[in-house]
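The residues making up each chain are set out below.
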Amino acid sequence: MSESRRVPFFNYPALFTSHEDAYMEVMRGVLRRGAYIRQAECESLEANVAKFLGVKHAIGVGNCTDGLTLALLCAGVKPGDEVIFPSHTFVATASAIKIIGAVPVPADIGTDHLIDPDSIEAAITPKTTCIMPVQLNGRTADMDRIMDIAERHGLMVVEDAAQSLGSTFRGKRAGSFGRAAAFSFYPAKVLGAFGDAGLVVTDDDAIGQKVRQMADHGRSATGEVEFWGMNSRLDNLHAGVLDYQFSFYDETMARRRVLAGM
Ligand SMILES: Cc1ncc(COP(=O)(O)O)c(C=O)c1O
């Protein structure tokens, strides 16, 4: 009889121990400076991810769920608007829509397990304002068709790119198609923090500014509270860890591809 063996979903301790000395150096550097919130490490990570994706703005936030909420709000989704998303996703996609008072409208998925463009078209009503494709399992939905549908119906696109840092559609990175997108750095993600962390990206200056401000109590660069906001800043300690990990992200992805192909 063959012996059964449990394979853990993710080796959480190895996330730290695989590069323990380097992480300790990064963290010591942050902690000894008392550089806890929105400091050089966060700016560096934001700039590096923005460059990698080919987008103008990247804003570190507390987690991707907050990031999706901020992205939808700042992109202009209003209470009562219908937002079409794929029925096969993590609950956070729908909850981000619901929490801002909009209506999550599920669409079907195709054989690639991603949102089916025909199902999007069938779900559009006069109340629809936004399509929210979810780029799952490192795959990117058919963004040519989705952007075409959005344009024909005057809808915005906000991507749930939680799982897709580095995945592409026809050479263009997931997260760079719509008006805004959010990524997750939950520990089990390919770029994983030692806790919760996320990032919002956009090419739109006004949306980028609004997300940055809304994630910091609505405060401007001079500290004026200009509108209601929340606290969802990316901890600088996490930013330092993520920025270090991101410096060898290409190798990490290449290794994953080799293992997935075995
Ligand atoms: C598709 C998808 N959307 C959103 C999220 C939420 O991310 P976070 O845990 O960073 O809030 C996840 C996390 O697993 C996810 O897989």
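A quick note: this is a predicted structure, and the numbers were derived from the prediction, not measured.

K.L.:
How should the overall build of the protein be read in this particular structure?
P.N.:
The number of helices and strands found in the protein is 10 helices and nine strands. Expected size for 262 residues packed as a compact globule is a radius of gyration near 18 Å; at 19 Å, the protein falls within 12% of this value. Projected onto the principal axes, the alpha-carbon positions of the protein cover approximately 65 × 55 × 30 Å. Expressed as a percentage of the 262 residues in the protein, the buried residues total 48%. Nonlocal contacts in the protein, meaning residues at least 24 apart in sequence, comprise 64% of its contacts between residues at least 6 apart. Taken as a whole, the protein presents about 13300 Å² of accessible surface, with 53% of it coming from carbon and sulfur. Averaging the locations of the 26 positively and 32 negatively charged side chains of the protein gives two centres separated by 2 Å.

K.L.:
Can you help me understand helix 8 (residues 205-214) in this one?
P.N.:
Note that an α-helix has 3.6 residues per turn; residues three or four places apart therefore point the same way. Along helix 8, the residues that are buried comprise Ile207, Gly208, Val211, Gln213 and Met214. Elements that come into contact with the buried residues of helix 8 comprise strand 1 (57-61), helix 4 (64-75), strand 8 (180-184) and strand 9 (198-202).

K.L.:
Would you mind going over the site of the ligand with me for this structure?
P.N.:
Cys64, Thr65, Asp160, Ser184 and Lys189 are the nearest of the 13 residues found near the ligand. Interatomic distance of 2.6 Å between a side-chain N/O atom of Lys189 and an oxygen atom of the ligand. In the complex, 91% of the free accessible area of the ligand, which totals 390 Å², lies under the protein chains. Tallied by class, the residues present in the shell around the ligand amount to six nonpolar, five polar and two charged.

K.L.:
Would you mind showing me how to read a nonpolar patch on the surface here?
P.N.:
A surface patch of nonpolar side chains, amounting to about 390 Å² of accessible area, comprises Phe9, Tyr12 and Tyr186. Following the sequence through the fold, Tyr12 ends up in helix 1 (residues 12-17). Given a relative accessible area of 39%, Tyr12 falls into the partly exposed group.

K.L.:
How do you make sense of the sheet that holds strand 5 (residues 156-160) when you look at a structure like this?
P.N.:
Sheet strands line up and pair through hydrogen bonds in the backbone, either parallel or antiparallel. Strand order across the open sheet formed by seven strands is 1-9-8-5-4-2-3, with mixed pairing between neighbours. Each of the sheet's edge strands pairs with one partner strand only, and the pair in question is strand 1 and strand 3 (103-107). The average angle at which neighbouring strand axes cross in this sheet is 25°, direction not considered. Taken together, the three bridges between strand 5 and strand 8 define a ladder with parallel strand orientation.

K.L.:
What should I look at first to understand the environment of Trp228 in this one?
P.N.:
For Trp228, the location among the structural elements is in the loop between helix 8 and helix 9 (236-246). Among the residues examined, Trp228 registers a relative accessible area of 80% and is labelled exposed. Placed 137 residues apart in sequence, Trp228 and Val91 show a C-alpha to C-alpha distance of 26 Å.

K.L.:
Explain the state of the cysteines here, please?
P.N.:
Covalent bonding between the sulfur atoms of two cysteines is what defines a disulfide. This model, assessed by the stated rule, comprises zero disulfides. For the unlinked cysteine Cys64, the closest cysteine sulfur is that of Cys130, found at 14 Å. The cysteine Cys74 is free of any disulfide, with Cys130 supplying the nearest cysteine sulfur at 13 Å. Classification of Cys74 by relative accessible area gives buried; the value is 9%.

K.L.:
Help me out: how do you make sense of helix 3 (residues 40-53) in this one?
P.N.:
In this model helix 3 runs 20 Å from its N-terminal to its C-terminal C-alpha over 14 residues, within 8% of the 20 Å that 1.5 Å per residue would give. Directly beyond the C-terminal end of helix 3, a positive phi value near 75° is found at Gly54.

K.L.:
I keep staring at the side chain of Glu46 and nothing clicks. Help me out?
P.N.:
Within the element layout of this structure, Glu46 appears in helix 3. Classification of Glu46 as buried rests on a relative accessible area of 8%. One polar contact links the side chain of Glu46 to the main-chain amide nitrogen of Gly60, over a distance of 2.8 Å. Residues contacting Glu46, with those up to four places away along its chain left out, are Ala58, Ile59, Gly60, Leu199 and Arg212.

K.L.:
Can you help me understand unusual backbone geometry in this one?
P.N.:
Peptide bonds are trans in most cases, and residues, glycine excluded, mostly fall at negative phi. We note that His113 has phi near 70°; this positive angle belongs to a residue other than glycine. Here His113 is to be found in the loop between strand 3 and helix 6 (117-123). Relative accessible area serves as the criterion here: at 37%, His113 is assigned to the partly exposed category. One non-glycine residue, His217, adopts positive backbone phi at about 65°.

Procedures and definitions
- Residues numbered from 1 in each chain as written.
- Predicted model: local features only at pLDDT ≥ 70, side-chain atom pairs only at ≥ 80, totals over all residues.
- Heavy atoms only, no water.
- Helix = DSSP H or I, 4+ residues; strand = E, 2+ residues; numbered from the N terminus.
- Rg over C-alpha atoms; globule rule 2.2 N^0.38 Å.
- Buried < 20%, exposed > 50% of the residue type's maximum accessible area, 1.4 Å probe, protein only.
- Contact = heavy atoms within 4.5 Å.
- Areas by Shrake-Rupley, 256 points an atom, 1.4 Å probe, with all protein chains shown as cover.
- Lys, Arg positive; Asp, Glu negative; His and termini not counted.
- Charge placed at Lys NZ, Arg CZ, Asp CG, Glu CD.
- Near = heavy atom within 4 Å.
- Polar contact = N/O pair within 3.5 Å; in protein donor to acceptor, adjacent residues only side chain to side chain.
- Nonpolar A, V, L, I, M, F, W, Y, C, P; charged D, E, K, R; others polar.
- Patch = residues over 30% accessible without salt bridge, like charges linked within 9 Å, V, L, I, M, F, W, Y side chains within 5 Å.
- Salt bridge = Lys/Arg side-chain N within 4 Å of Asp/Glu carboxyl O.
- Pairing = 2+ DSSP bridges.
- Axes fitted to C-alpha atoms, helices over the stretch in contact; angles between N-to-C directions.
- Disulfide = S-S within 2.5 Å.
- Expected span 1.5 Å × (residues − 1).

Honestly, it's all geometry; don't read function into it.
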